[in-house]
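Structural characterization, general
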Amino acid sequence: MNKKKEKMKSNTVKIKSIELINYNVLRIVTEKPNEYSFEPGQATEVSINQANWKDEKRPFTFTNLPTEDVLEFTIKVYPEHDGVTEKLTELGVGDELIVGDVFGAIKFKGKGVFLAGGSGVTPFIAIFKSLEEQNRIRNNTLIFANRTAKDIFLEDSFKNMLGGSFINILSEEDTEKYPHGHIDTNFLKSTVSDYSQYFYVCGPPKMIESVVEDLKKLGAKDDKIVTEES
Ligand SMILES: Cc1cc2nc3c(=O)[nH]c(=O)nc-3n(C[C@H](O)[C@H](O)[C@H](O)COP(=O)(O)OP(=O)(O)OC[C@H]3O[C@@H](n4cnc5c(N)ncnc54)[C@H](O)[C@@H]3O)c2cc1C
């Protein structure tokens with residue numbers, strides 16, 4: 001066990017509500033431990049407080065405001081992994097999770113374009129809620145990449161918060177309603193004109209790599225590109 005792990009604090013919290021908000025996305029609200037705080041965009045390691053599951057820790061992002069007296073997680077379920085996210089679907093109110101220390105490098109630095117792949121949108125949920133609360137959400141854009149239309153979750157919330165600055169793109173479904181393909185240089189050119197603003201990128205590692213490369217080609221500067229590694 002490394003030093004970082006030894007120092008990890010763990011807190012047991014009871015589930016207050018658990019519901020599906022899309023066919024494969026759970027919203028879980030839990031108690032908040034005493035003296036526990038996080039910044040919008042940050043995450044923690046979560047495990048299920050049951051025999052055989054306690055040590056199966058997975059990272060999940062807080063998706064509510066830090067000022068609230070609960071924790072909220074928005075979790076995409078992968079039944080085919082037969083892992084923690086699948087097991088979470090069996091839990092109910094009163095069951096317990098274990099949450100660890102808070103970590104994460106994605107935080108709001110200034111107006112910009114947020115590019116998310118699938119569940120990579122979760123750090124942006126808390127950031128947008130916080131910007132909306134401070135009346136600073138205008139002029140920020142979300143580009144949300146998913147496989148198919150049914151994978152787009154929280155569509156109405158993003159529309160309400162961002163209006164026309166909420167843009168979807170689908171890689172595996174060609175419909176009239178949404179652009180089709182991956183976020184690439186052509187798509188970026190057609191949707192973004194200012195490359196001096198901040199770019200926040202979160203999603204599968206391959207998506208992050210190719211989007212960051214394309215952003216740089218189009219003129220974005222390293223210090224204006226925010227990812228989990230930055
Ligand atoms: C900092 C950070 C924050 C995150 N925040 C969120 C969040 O807020 N919401 C969210 O939904 N996700 C988030 N994620 C992603 C999330 O952590 C993973 O989706 C989650 O760990 C998956 O857990 P799992 O146990 O279901 O599956 P895994 O741990 O991915 O897999 C369990 C087992 O399934 C097998 N497996 C893996 N992939 C496949 C496959 N494709 N097909 C079949 N078997 C497979 C492997 O043997 C693996 O051991 C975050 C990730 C990071 C790094």
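Structural notes, computed from the coordinates. The structure presented is a predicted model; accordingly, all values stated were derived computationally and were not measured. (Residues numbered from 1 in each chain as written. Predicted model: local features only at pLDDT ≥ 70, side-chain atom pairs only at ≥ 80, totals over all residues. Heavy atoms only, no water.)

1. Some details on the environment of L215
Tracing the chain through its elements places L215 in helix α6 (residues 205-217). In this structure L215 comes out as buried when scored by relative accessible area, which is 0%. Setting aside chain neighbours within four positions, we find L215 in contact with L115, L188, Y195, F199, V201, A220 and I225. (Helix = DSSP H or I, 4+ residues; strand = E, 2+ residues; numbered from the N terminus. Buried < 20%, exposed > 50% of the residue type's maximum accessible area, 1.4 Å probe, protein only. Contact = heavy atoms within 4.5 Å.)

2. Digging into the sheet that holds strand β3 (residues 43-48)
Strand order across the open sheet formed by six strands is β4-β3-β6-β1-β2-β5, with antiparallel pairing between neighbours. In this open sheet, the two strands that pair with only one neighbour each are β4 (58-61) and β5 (70-76). Neighbouring strand axes in the sheet, compared pairwise and without regard to direction, differ in orientation by 40 degrees on average. When strand β1 (residues 11-22) meets strand β2 (residues 25-31), the two strands line up antiparallel, connected through six bridges. If you follow N22 over to β2, its bridge partner there is V25. (Pairing = 2+ DSSP bridges. Axes fitted to C-alpha atoms, helices over the stretch in contact; angles between N-to-C directions.)

3. Here's the deal with the site of the ligand
Lining the immediate environment of the ligand, one finds 16 residues, of which R58, P59, K76, V84 and T85 sit closest. Between T74 and the ligand, the recorded distance is 2.9 Å, taken from a backbone N or O atom to a nitrogen atom. A total of 990 Å² of accessible area belongs to the ligand in isolation, and the protein chains cover 59% of it. Of all the secondary-structure elements, those providing two or more residues to the shell around the ligand are β4, β5 and α2 (84-88). At four residues, the largest contribution of residues to the shell around the ligand is made by β4. Across the shell around the ligand, the residue classes break down as six nonpolar, seven polar and three charged. (Near = heavy atom within 4 Å. Polar contact = N/O pair within 3.5 Å; in protein donor to acceptor, adjacent residues only side chain to side chain. Areas by Shrake-Rupley, 256 points an atom, 1.4 Å probe, with all protein chains shown as cover. Nonpolar A, V, L, I, M, F, W, Y, C, P; charged D, E, K, R; others polar.)

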